[in-house]
Amino acid sequence: SAVISQKPSRDICQRGTSLTIQCQVDSQVTMMFWYRQQPGQSLTLIATANQGSEATYESGFVIDKFPISRPNLTFSTLTVSNMSPEDSSIYLCSVWTGLGYTFGSGTRLTVV
Amino acid sequence: AQSVTQPDIHITVSEGASLELRCNYSYGATPYLFWYVQSPGQGLQLLLKYFSGDTLVQGIKGFEAEFKRSQSSFNLRKPSVHWSDAAEYFCAVAPGRGNEKLTFGTGTRLTIIP
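Residues numbered from 1 in each chain as written. Chains lettered and ligands numbered in written order. Predicted model: local features only at pLDDT ≥ 70, side-chain atom pairs only at ≥ 80, totals over all residues. Heavy atoms only, no water.

A look at the interface of chain A and chain B
Next, step 1: Each partner contributes to the interface: chain A provides 17 residues, whereas chain B provides 18 residues.
Next, step 2: Carbon and sulfur atoms make up 56% of the area that chain A and chain B hide from each other, which totals about 1,500 Å².
Next, step 3: Considering only the surface of chain A that becomes buried against chain B, Ser42(A), Trp96(A) and Tyr101(A) emerge as the three largest contributors, covering 35% of it.
Next, step 4: For the pair chain A and chain B, the interface holds one salt bridge.
Next, step 5: Two residues, Glu58(A) and Lys101(B), come together in a salt bridge whose shortest N-O distance is 2.7 Å.
Next, step 6: The interface formed by chain A and chain B includes seven residue pairs in polar contact (both at pLDDT 80 or more).
Next, step 7: Counting residues per element, the ones that place at least two in the side of chain A that touches chain B are strand 4 (31-37), strand 5 (43-50) and strand 10 (101-103) of chain A.
Next, step 8: In terms of residue count, strand 4 of chain A provides more of the side of chain A that touches chain B than any other element does, four residues in total.
Next, step 9: Each residue belonging to the side of chain A that touches chain B can be placed in one class, and the counts come to nine nonpolar, six polar and two charged. (Contact = heavy atoms within 4.5 Å. Buried area = accessible area lost by both parts, 1.4 Å probe. Salt bridge = Lys/Arg side-chain N within 4 Å of Asp/Glu carboxyl O. Polar contact = N/O pair within 3.5 Å; in protein donor to acceptor, adjacent residues only side chain to side chain. Helix = DSSP H or I, 4+ residues; strand = E, 2+ residues; numbered from the N terminus. Nonpolar A, V, L, I, M, F, W, Y, C, P; charged D, E, K, R; others polar.)

What about the pattern of salt bridges?
All names here are of chain B.
Next, step 1: The final tally for this structure, using the stated rule, is seven salt bridges over all chains.
Next, step 2: In this structure, the salt-bridge partner of Lys78 is Asp85, at a minimum N-O distance of 2.8 Å. Comparing Lys78 with Asp85 shows no difference in burial state: the two are buried.
Next, step 3: Its salt-bridge partner being Arg97, residue Glu100 comes within 2.6 Å of it at the nearest N-O pair.
Next, step 4: Assessed through its relative accessible area of 28%, Glu100 is described here as partly exposed.
Next, step 5: Taken together, the salt bridges that share partners define one network made up of Glu64, Glu66 and Arg77. (Buried < 20%, exposed > 50% of the residue type's maximum accessible area, 1.4 Å probe, protein only.)

Brief notes about the sheet that holds strand 3 (residues 19-25) of chain A
Residues and elements named next belong to chain A.
Next, step 1: The strand order across the open sheet formed by four strands is 1-3-8-7, and the pairing between neighbours is antiparallel. Looking at strand neighbours, the two that pair on one side only are strand 1 (4-7) and strand 7 (68-72), the edges of this open sheet. Looking at each pair of strands side by side, their axes are set apart by 15 degrees on average, direction ignored.
Next, step 2: With four bridges connecting them, strand 1 and strand 3 associate as antiparallel partners. The partner of Ser5 across the bridge, within strand 3, is Gln24. (Pairing = 2+ DSSP bridges. Axes fitted to C-alpha atoms, helices over the stretch in contact; angles between N-to-C directions.)

A closer look at the packing of aromatic side chains
Next, step 1: In the structure shown here, the tally under the stated rule is 20 aromatic pairs over all chains.
Next, step 2: Relative to Phe103(A), the ring of Tyr35(A) has its centre 5.7 Å away and its plane inclined at 50 degrees; by these criteria the two rings are tilted. Highlighted residues: Tyr35(A) in strand 4 and Phe103(A) in strand 10, separated in sequence by 68 residues.
Next, step 3: Consider the rings of Phe103(A) and Phe104(B), whose centres lie 6.0 Å apart with planes at 65 degrees: the pair is edge-to-face. Here Phe103(A) is found in strand 10, whereas its partner Phe104(B) is found in strand 11 (residues 103-104) on a different chain. Of the two residues, Phe103(A) and Phe104(B), neither departs from the other in class, the shared state being buried. (Phe/Tyr/Trp six-rings, centres within 6.5 Å; stacked < 30°, edge-to-face > 60°.)

This is the structure in structure tokens:
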């Protein structure tokens, strides 16, 4: 199955700044999924990134706040823009491998 | 759209006792079903999955789950829990085609007492 390298693993950021999270997959995949896990909560899908087209955002998430790039079939980035303490969460990327879903190890973001 | 319900927010069991975590899903066709475990500060680990075929699936760490279409359920079981099983457990559902979004339940936190 696919292996995902996600970075950074954690960061502490000042409010009002932006952070870009990267996911590199060791094989080509059509879809990449970005999730948020707020403290003590479950995982919620932010958006689905398909190479060559605009990402599809779930209700409650907007492109201006969470811009996504998908330049090729093995790489994607998620930016958390104009951060506030409410953005403190774990962010994970995921791909479908044909046998199931593989997740990155997550980015633990703290906004101060 | 699919949805998942995990009715138990928190369960406490004694070490060595049996365990059953409940999961009910809503989806119009046959879904793909998953159970994941997340230990504190750790990433998600897949315990088991159901795509088709035998409705009783075996997973890692001695876990099993049974798909019951008539009840729209996919409950997770373990005959004898170990202290190391203390974690958060998530049930998840995806359309039975793969490569589409995975919807998670709210999770069940498992506490093990000696």
